[in-house]
Amino acid sequence: MRPARPSQPRTALVLAGGGITGGLYEVGACLGLDTVLENLRPCDFDLFVGTSAGAFVAALLANRVTPQQLRDTLVMDRRTLPRLTGSQFLSLPWRHYLSAMTRLGTAVPRLALDLWTHWRDALVLDTLGSLMRYLPHGVLALDGLETYVREVLTRGGRTNDFRRLQRPLLVPATALDTGAIHVFGERRSEHTPISKAVAASAAIPLLFAPVEVDGVDYVDAAVTKSAHAGLALDRGASLVVVINPVRPLVLDHPTLGRVRDGGAAAIAGQSLRIALQRRLHDGMRRHAYEHPEADLVLLEPYHHDLQLFDVPLMTYTLRLEVIRRGYRTTIKTFLGDYERYVALFARHGITLTARDEIERRARRWSSAARRAA
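Computed from a prediction, not measured in an experiment: that's the story for all the values here.

J.: Just to check I follow, could you spell out the pairing of strand S5 (residues 181–184) for this structure?
T.: In the case of a regular strand, side chains alternate between the two sheet surfaces. As paired elements, strand S4 (residues 169–175) and S5 share four bridges and run antiparallel to each other. By the bridge assignment, Val171 is partnered in S5 with Phe184.

J.: For this particular structure, what's the right way to read the nonpolar core?
T.: In this structure, Leu13, Leu169, Phe184, Val241 and Phe345 are the most contacted members of the largest nonpolar core, which totals 73 residues. Ranked by residue count, the leading element in this core is helix H1 (residues 19–36), at nine residues. With 19 residues, the next largest nonpolar core counts Leu47, Ala237, Leu280 and Leu296 among its residues.

J.: Would you mind showing me how to read the packing of aromatic side chains here?
T.: Given two aromatic rings, their pairing is described by the distance between the two centres and the angle made by the two planes. Overall, the coordinates contain six aromatic pairs when judged by the stated rule. On the basis of an interplanar angle of 45° and a centroid distance of 6.5 Å, the ring pair of Tyr341 and Phe345 is categorised as tilted. With Tyr341 and Phe345 both in helix H12 (residues 338–346) and four residues apart, the pair spans about one turn of that helix. Here Tyr341 and Phe345 have matching classes, each one buried. Following the ring pairs from residue to residue traces out a cluster consisting of Phe334, Tyr341 and Phe345. The ring centre of Tyr341 lies 4.6 Å from the NZ or CZ of Arg340, which sits over that ring.

J.: Teacher, can you tell me more about unusual backbone geometry here?
T.: Negative phi is the rule for most residues except glycine; trans is the rule for most peptide bonds. One non-glycine residue with positive phi stands out, namely Ser52, at about 55°. Structurally, the position occupied by Ser52 is in the loop between strand S2 (47–50) and helix H2 (53–62). On the basis of relative accessibility, which here comes to 4%, the residue Ser52 falls in the buried class. The phi dihedral of His228 falls on the positive side, at around 60°, and the residue is not glycine. Within the element layout of this structure, His228 appears in the loop between strand S8 (216–219) and helix H8 (230–234).

J.: Mind showing me how you'd approach the packing of H1 against H2 here?
T.: If you want to describe how two helices pack, look at the angle between their axes and the distance between the axes. Remark: H1 packs on H2, axes separated minimally by 8 Å, with the N-to-C direction vectors making an angle of 35°. Regarding H1 and H2, the two cross each other, and that crossing is right-handed. Here Gly19, Gly23, Glu26, Val27 and Cys30 of H1 lie close against H2, whose contacting residues are Ala53, Gly54, Val57 and Leu61.

Thresholds, definitions, all that
Every residue gets a number counted from 1 within its own chain, in the order that chain's sequence is written. For a predicted model such as this one, the threshold for reporting local features is a pLDDT of at least 70, and the threshold for listing and counting side-chain atom pairs is 80 or more; totals across whole chains, interfaces and linings nevertheless cover every residue. Only hydrogens and water are set aside; all other atoms, that is, all heavy atoms of the structure, feed into the side-chain values. Any two strands between which DSSP finds at least two bridges are classified as paired. Segments assigned H or I by DSSP are reported as helices when at least four residues long, segments assigned E as strands when at least two residues long, and all are numbered from the N terminus. In these notes, a set of buried Ala, Val, Leu, Ile, Met, Phe, Trp, Tyr and Cys residues joined through side-chain atoms within 4.5 Å is what counts as a nonpolar core. When a residue's accessible area, from a 1.4 Å probe over protein chains only, is under 20% of the maximum for its type it is buried; when over 50% it is exposed; and in between it is partly exposed. The aromatic pairing rule takes the rings of Phe, Tyr and Trp, using the six-membered ring of Trp, and pairs them if the centres are within 6.5 Å, calling planes under 30 degrees apart stacked, those over 60 edge-to-face and the rest tilted. Lysine NZ or arginine CZ positioned within 6 Å of the ring centre and within 35 degrees of the ring normal marks a charge as sitting over the ring. The convention used is that axes are lines fitted to C-alpha atoms, helices contributing only their stretch in contact, and that angles between N-to-C directions extend from 0 to 180 degrees. Helix crossings get a hand from a simple test, with the near helix turned counterclockwise from the far one by less than a right angle marking a left-handed crossing and a clockwise turn marking a right-handed one. Only heavy atoms matter for contacts: two residues are in contact if any of them lie within 4.5 Å across the pair.

By themselves, these observations are geometric and do not establish any function.
See the structure below:
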């Protein structure tokens, strides 16, 4: 029998979205927390909230899969978890493509005739826009991710059932037809499998097709909010640690160049990062005002990390480097304001590792990471 859940969560770990790269960064950040916190392991938080890619990591942490086990799996160690590959995130929905080709084959001749007949009044963009409805609902499929999470959570004493978790897990997603936020795991009667909820929360519009659950189409939870930290505060958490892997790159010196030099993809990526981080920081300020009794800790990448921000959000091949940077920036964040964090966490009965010991563990971990790479 599983131990009873805490009646009210005291500590919460909130993982924001950020594509594959964001999830990898969060694995590294959790490894950093494991180094810094003396008497609180990443799997021991009272409540987990995961958005988009963060839902994948949070689901495993809530099932007592440690950050080190996650990292080992990412370097092809299959002793604990099945091998995790990029194709499981980036699989193509071939059946949808074949179906779309059939629909396009029927629609194109009619649209071409209409364009030819009304060529003086027709706009090419309007014609192309009308073709969009015949294309697949997403470029990629989340079937592989859902299958992997289901496989992991149905073995080794883990569970794919929200109701059987020792530590509660909340996975928000956005209802496509209404714009409402639905929180999987919120109800005690939750019957949706965790793996399905993770897929629904990670369905980035256009990139992935919406995920249908009980007749409702869901898309990425980040469409509505970047991290959903309020879910933890509303449930009484007094310490909320938020890991946000997405922030804009700051090029505030002429020698650093300009974002536009990276082309259209760099401009779009920077714009998305600006929007997501601005919304997150606005939300954090609002939460701090509305919940003065709670402490919020925000962990993010350094805004001058040129190499990290040069990695596309859906890149898997550079996973070890992204994990390493998540670990390193978390360690540096705590060491950079060590005394304040000691006092903050002490208010919640949590002890930080001694500064010298953190530095020693970090050097040892970095050496092991380089050997593994």
